[in-house]
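Structural description and commentary
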Amino acid sequence: MNKVLVTGGAGFLGSHLCDRLIARGDDVLCVDNFYTGNKRNVAHLIGNPSFDIMRHDVCWPLYVEVERIFNLACPASPIHYQNDPVQTTKTSVHGAINMLGLAKRVKARILQASTSEVYGDPAVHPQTEDYWGNVNPIGIRSCYDEGKRCAETLFFDYHRQHGLEVKVMRIFNTYGPRMHPEDGRVVSNFIVQALRGQDLTIYGDGMQTRSFCYVDDLVDGMIRLMDSPADFTGPVNIGNPGEFTMIELAETVIRLTGTSAKLVFQPLPQDDPKQRCPDNSLAKEKLNWQPKVSLEDGLKETIAYFRSTLTND
Ligand code: NAD
Ligand code: UDP
Ligand code: UDP
């Protein structure tokens, strides 16, 4: 049993991580400021003696005693991280400094939820971890991309300078139950629109690609990385290499929901990456990890979740 801190634990990925850690016998402290997360995501864990929850902003110091830290606190959807971009950079950078300072004091192993966004609009395809990326430092996505890049820098400097055990995970687009209906990311948008009988909003010509990983696969990779030998720091890509255009995704959602909704085209947001697909060779070699859930199966689970929550709203 480990005493584990999960920052951003009331969010989409964090709440699934809390579930899995508790199921395997860990003691979990969930820290969240509920900016994009919600207590409802972990309501079923409240009252469990292995689970604690604390409202706290990681931009401020945190003094707790833990053995492992999963640092997930940060809004992940473009509409949310662009809503208060200064706070987004502060969360990534001050949050990383505080959580690394905490890890240093208590000698905890610490994992950073980094992102495929560190590759920006990639000129190398699929993306391998040794690619340094193509990121606009002053655009509307920069608060997120550069904040996460700076957090990676801090992780590796604390590792080199202070000997911290760090793990850096580059997460590619992940979807599944507990995404917020107004989250703004493409999978939740399409499913919610389809279930409400509204036309599906395609930004740009819909030929841009993304690779979508189901949340259970992602959390499995995250735990494997945390448990991996101390000398493996990453960064390591965790994502599903199946690559789809937004048109293909929309057509699949339309077929699986049986909606009569159509596609409607809207302007492409600034700096929207044209393509994204992980090279997973390192995760396979070092973590023996590969995604198992197909896009179609994952979408069915996610559609079932939204069907039940939207009716209950
Ligand atoms: P989410 O928005 O559902 O969860 C983020 C959580 O962090 C929320 O509960 C939010 O309230 C909390 N939070 C935000 N700022 C905070 C602060 N200053 N202090 C404390 N808590 C704060 O998003 P998610 O999809 O669960 O993403 C979790 C992590 O994974 C993020 O760091 C994100 O950057 C990373 N990530 C996610 C994806 C994805 O596709 N889901 C892809 C790449 C990286
Ligand atoms: N910190 C924290 N919890 C701890 C220890 C440190 O939140 O248990 C924060 C504190 O705000 C500190 C930061 O982490 O400024 C970085 O810590 P470090 O020891 O690296 O540097 P310091 O600023 O203390 O010299
Ligand atoms: N997108 C879209 N319609 C939507 C929401 C997003 O076509 O309703 C597009 C968006 O422009 C991007 C892709 O889907 O090209 C993935 O967007 P998301 O916000 O989910 O993730 P990210 O851009 O961070 O990969």
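Residues numbered from 1 in each chain as written. Chains lettered and ligands numbered in written order. Predicted model: local features only at pLDDT ≥ 70, side-chain atom pairs only at ≥ 80, totals over all residues.

The protein carries the name UDP-glucuronate decarboxylase in an unreviewed UniProt entry, which gives Novosphingobium hassiacum as its organism. Recorded in UniProt under Sequence similarities (unreviewed entry), the annotation for the protein is "Belongs to the NAD(P)-dependent epimerase/dehydratase family. UDP-glucuronic acid decarboxylase subfamily." (UniProt positions renumbered as here; feature names shortened; annotations may be inferred.)

Bringing the sheet that holds strand 6 (residues 166-171) into the picture now. Whether parallel or antiparallel, the strands of a sheet pair through hydrogen bonds between backbone atoms. With parallel pairing, the 7 strands of this open sheet are ordered in space as 3-2-1-4-5-6-11. In the strand order of this sheet, the two ends are held by strand 3 (51-55) and strand 11 (236-238), each with one partner. Between one strand and the next, the sheet's axes are offset by a mean angle of 20°, whatever the strand orientation. Helix 4 (residues 142-162) rests against strand 5 (109-115) and strand 6 of the sheet, and its axis sits at about 155° to strand 5. (Pairing = 2+ DSSP bridges. Helix = DSSP H or I, 4+ residues; strand = E, 2+ residues; numbered from the N terminus. Axes fitted to C-alpha atoms, helices over the stretch in contact; angles between N-to-C directions. Contact = placed C-beta atoms within 7 Å.)

Another point: the site of ligand 2. By nearness alone, every residue bordering ligand 2 is listed as Pro 61, Leu 62, Tyr 63, Ile 97, Asn 98, Gly 101, Leu 102, Lys 104 and Arg 105. A per-class count over the shell around ligand 2 returns 5 nonpolar, 2 polar and 2 charged. (Near = placed C-beta within 6 Å. Nonpolar A, V, L, I, M, F, W, Y, C, P; charged D, E, K, R; others polar.)

Here the focus is the site of ligand 1. In the vicinity of ligand 1 lie 28 residues, with Gly 8, Gly 11, Leu 13, Thr 36 and Gly 37 positioned nearest. Mapped by element, the contributors of at least two residues to the shell around ligand 1 are helix 1 (12-23), helix 3 (85-106) and strand 5. No other element matches helix 1, which puts 3 residues into the shell around ligand 1. Of the residues assigned to the shell around ligand 1, the class counts are 14 nonpolar, 12 polar and 2 charged.

Burial of strand 2 (residues 27-32) is extensive: 5 of the 6 residues sit out of reach of the surface. One ladder, built from 5 bridges, connects strand 1 (residues 3-7) with strand 2; its direction is parallel. What sits directly across from Val 6, in strand 2, is Cys 30. Crossover handedness for the path strand 1 to helix 1 to strand 2: right-handed. Relative to strand 3, strand 2 runs parallel, the two being bridged by 5 bridges. (Buried ≥ 20, exposed ≤ 12 C-beta atoms within 10 Å, placed from the backbone. Right-handed = clockwise from strand over helix to strand, strands pointing away.)

To continue, consider unusual backbone geometry. Residue Pro 126 is bonded to the preceding His 125 through a cis peptide linkage, with omega at -10°. Residue placement: Pro 126 occurs in the loop between strand 5 and helix 4. Even without a glycine there, the phi angle at Phe 34 is positive, about 60°.

Under the UniProt annotation, the feature "domain: NAD(P)-binding" (unreviewed entry) is placed at residues 5-302. Between the first and last C-alpha atoms of residues 5-302 the distance is 27 Å; the span itself is 37% helix and 17% strand.

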